[in-house]
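Tertiary structure, described
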Amino acid sequence: MAHYLVTGGCGFVGSHLVEALVEKGDRVRVFDNCSTGKTENVAHLKNQIELIDGDLRELDAVQQAVANVDYVFHQGARPSVARSVADPILSNNVNINGTLNLLVAARDAGVKRVVYAASSSAYGNTPTLPRSETLSPQPASPYAITKYVGECYCRVFTQVFGLETVALRYFNIFGPRQNPTSQYSAVIPKFIHTYLHGNSPTIEGDGEQSRDFTYIANAVHANLLACHAEGIAGEMFNIGCGQQTSINTLAGLIGEMMETDAKPVYTASRPGDVRHSCADIGKAQQLLGYEPKVELKAGLRRTIDWFLQRSDA
Ligand SMILES: NC(=O)c1ccc[n+]([C@@H]2O[C@H](COP(=O)([O-])OP(=O)(O)OC[C@H]3O[C@@H](n4cnc5c(N)ncnc54)[C@H](O)[C@@H]3O)[C@@H](O)[C@H]2O)c1
């Protein structure tokens, strides 16, 4: 039985990964300071996992977290462009220093591989679509810089220290457990929550900006493949669906599925936001054997159903 550490395991992506590992019968340790995650996200697994309350910015704590671990899924970070615009120093400290602590500790503990949650925001406003891994990064926000630097550190730790790392550039992951009520919430949980309460969703900008929305099961699937695929140490992969959807289309789709005709309200666009984003997933298909398992509409259905069940309860 392999021993896994999931940093940020109380968060949205991390908790789904933890669940998948537990289901496979693996031994799982979670390390999180619950600044944006919640223990509630893994409460149903509490007898099957080891939960450490700790901060990535503290090397001692991270060293304890990696002890006797085979593989690390490094999901812990201060997410969101807007959070990083509000407090770039904090995002830098958690995302860059925290990742460096994790890599140093993993190297010293003889961890077999670190899989890092990178971000499609590294591409910034690069005009080419879909985006392939060969494009030059153009981070357009403090958050994007921090995630990109983490990715560079991963590659360098493979090259310089021989620690196996793989970076996955996530493209707008969505699904159950994503927080809908923070001012920094992602657009899908926000829209669902708003429609659920009979209100009109707010769209920042003209709504023609687009994203490659990726259901959480696809991200989990990609992480499990990236952890064990051979010959990919030091590599970086796009993880998305390769499908471009505008925010206006998304609002329409969710509204239709939730049977509401509430019309969106438009406000100013957000600083640091990129205009379009869509993944070329060819490299992940070829080298990881990755294929999106759940497409946008099916993922939205599952996510809406989860929110409906919670509101019933
Ligand atoms: N969700 C997406 O669409 C998306 C896209 C690109 C990249 N990512 C990356 O994926 C990862 C997971 O994101 P998410 O959407 O699940 O966000 P999330 O906020 O739900 O998860 C992040 C987790 O990290 C924890 N954390 C934050 N600061 C910490 C610290 N100092 N020490 C220990 N733990 C800390 C949080 O409490 C939280 O549980 C992040 O690294 C994020 O940058 C996510």
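Keep in mind the model is a prediction, meaning the values are calculated, not measured.

Let's shift gears to the overall build of the chain. Check the secondary structure of the chain and you find ten helices and 13 strands. Whereas a compact globule of 313 residues would reach a radius of gyration of roughly 20 Å, the chain reaches 19 Å, a difference of no more than 12%. Overall size of the chain, expressed as C-alpha extent along the three principal axes, is 55 × 45 × 35 Å. Residue burial in the chain is summarised as follows: out of 313 residues, 54% are buried. For the chain, the proportion of contacts with a sequence separation of at least 24, taken over those separated by at least 6, is 80%. Each charge sign in the chain was given a centre, from 27 positive and 31 negative side chains, and these centres are 1 Å apart.

What follows covers the site of the ligand. In the neighbourhood of the ligand, 28 residues make up the surrounding shell, with Phe12, Asp32, Thr36, Tyr143 and Ile173 lying closest. Within the side chain of Asp32, one N or O atom sits 2.6 Å away from an oxygen atom of the ligand. Tyr143 is positioned such that a nitrogen or oxygen atom in its side chain is 2.7 Å from an oxygen atom of the ligand. For the shell around the ligand, the secondary structure elements donating two or more residues are α1 (12-23), β5 (113-119) and α5 (142-161). A total of three residues in the shell around the ligand trace back to one element, the largest contributor, which is β5. Looking at the shell around the ligand, its residues break down into 13 nonpolar, eleven polar and four charged.

On to the domain arrangement of the chain, then. As a measure of interface size, the accessible area lost when the parts come together is often cited. Annotation of the chain at the domain level lists domain 1 (3-174 + 215-241 + 278-293) and domain 2 (187-209 + 244-277 + 300-312). Taking only C-alpha atoms, the centre of domain 1 and the centre of domain 2 are 26 Å apart. In this complex, domain 1 contributes 15 residues to the contact, which on the side of domain 2 involves 14 residues. Counting the surface lost from both domain 1 and domain 2, the interface buries some 1,100 Å², and carbon and sulfur atoms represent 57% of this. A salt bridge links Arg310 to Glu40, with the shortest nitrogen-to-oxygen separation between them at 3.6 Å. Put simply, domain 1 and domain 2 have two residue pairs in polar contact (both at pLDDT 80 or more) between them.

Within the fold, Ser277 resides in the loop between β13 (265-267) and α9 (282-288). The contacts of Ser277, once residues within four sequence positions are left out, are Ser120, Leu129, Arg131, Phe171, Ser210, Arg211, Asp212 and Gln244.

Taken N-terminus to C-terminus, the directions of α1 and helix α7 (residues 216-228) make an angle of 60 degrees; their axes are 10 Å apart at the nearest point. With respect to their mutual orientation, α1 and α7 come out oblique. For α1 against α7, the interelement crossing comes out right-handed. Residues Phe12, Val13, His16, Leu17, Ala20 and Leu21 of α1 lie in contact with α7, whose contacting residues are Ile216, Val220, Asn223 and Leu224. Residues that form the contact of α1 with α7 fall into these classes: eight nonpolar, two polar and no charged.

Below, the discussion takes up α7. Every α-helix winds through 3.6 residues per turn, so residues three or four apart in the chain are directed the same way. End to end, α7 covers 19 Å across 13 residues, agreeing with the expected 18 Å (1.5 Å per residue, within 8%). Of the residues making up α7, those classed as buried are Ile216, Asn218, Ala219, Val220, His221, Ala222, Asn223, Ala226 and Cys227.

To continue, consider the sheet that holds β5. Read from one edge of the open sheet, seven strands run β3-β2-β1-β4-β5-β6-β11, paired in parallel fashion. At either margin of the open sheet sits one strand with a lone partner, and together these are β3 (49-53) and β11 (235-239). Strand after strand, the sheet turns through a mean of 20 degrees between neighbouring axes, direction not considered. Of the pairings in the sheet, the one linking strand β1 (residues 3-7) to strand β4 (residues 71-74) comprises four bridges and is parallel in character. Note that in β4 the partner of Leu5 across the bridge is Val72. Sheet contacts for helix α2 (residues 59-66): β1, β2 (27-32), β3 and β4; angle to β2, the most-contacted strand, approximately 170 degrees.

So, how was this worked out
- Residues numbered from 1 in each chain as written.
- Predicted model: local features only at pLDDT ≥ 70, side-chain atom pairs only at ≥ 80, totals over all residues.
- Heavy atoms only, no water.
- Helix = DSSP H or I, 4+ residues; strand = E, 2+ residues; numbered from the N terminus.
- Rg over C-alpha atoms; globule rule 2.2 N^0.38 Å.
- Buried < 20%, exposed > 50% of the residue type's maximum accessible area, 1.4 Å probe, protein only.
- Contact = heavy atoms within 4.5 Å.
- Lys, Arg positive; Asp, Glu negative; His and termini not counted.
- Charge placed at Lys NZ, Arg CZ, Asp CG, Glu CD.
- Near = heavy atom within 4 Å.
- Polar contact = N/O pair within 3.5 Å; in protein donor to acceptor, adjacent residues only side chain to side chain.
- Nonpolar A, V, L, I, M, F, W, Y, C, P; charged D, E, K, R; others polar.
- Domains from an automatic or database assignment.
- Buried area = accessible area lost by both parts, 1.4 Å probe.
- Salt bridge = Lys/Arg side-chain N within 4 Å of Asp/Glu carboxyl O.
- Axes fitted to C-alpha atoms, helices over the stretch in contact; angles between N-to-C directions.
- Parallel < 35°, antiparallel > 145°, perpendicular 65-115°, else oblique.
- Left-handed = near helix turned anticlockwise from the far one by under 90°.
- Expected span 1.5 Å × (residues − 1).
- Pairing = 2+ DSSP bridges.

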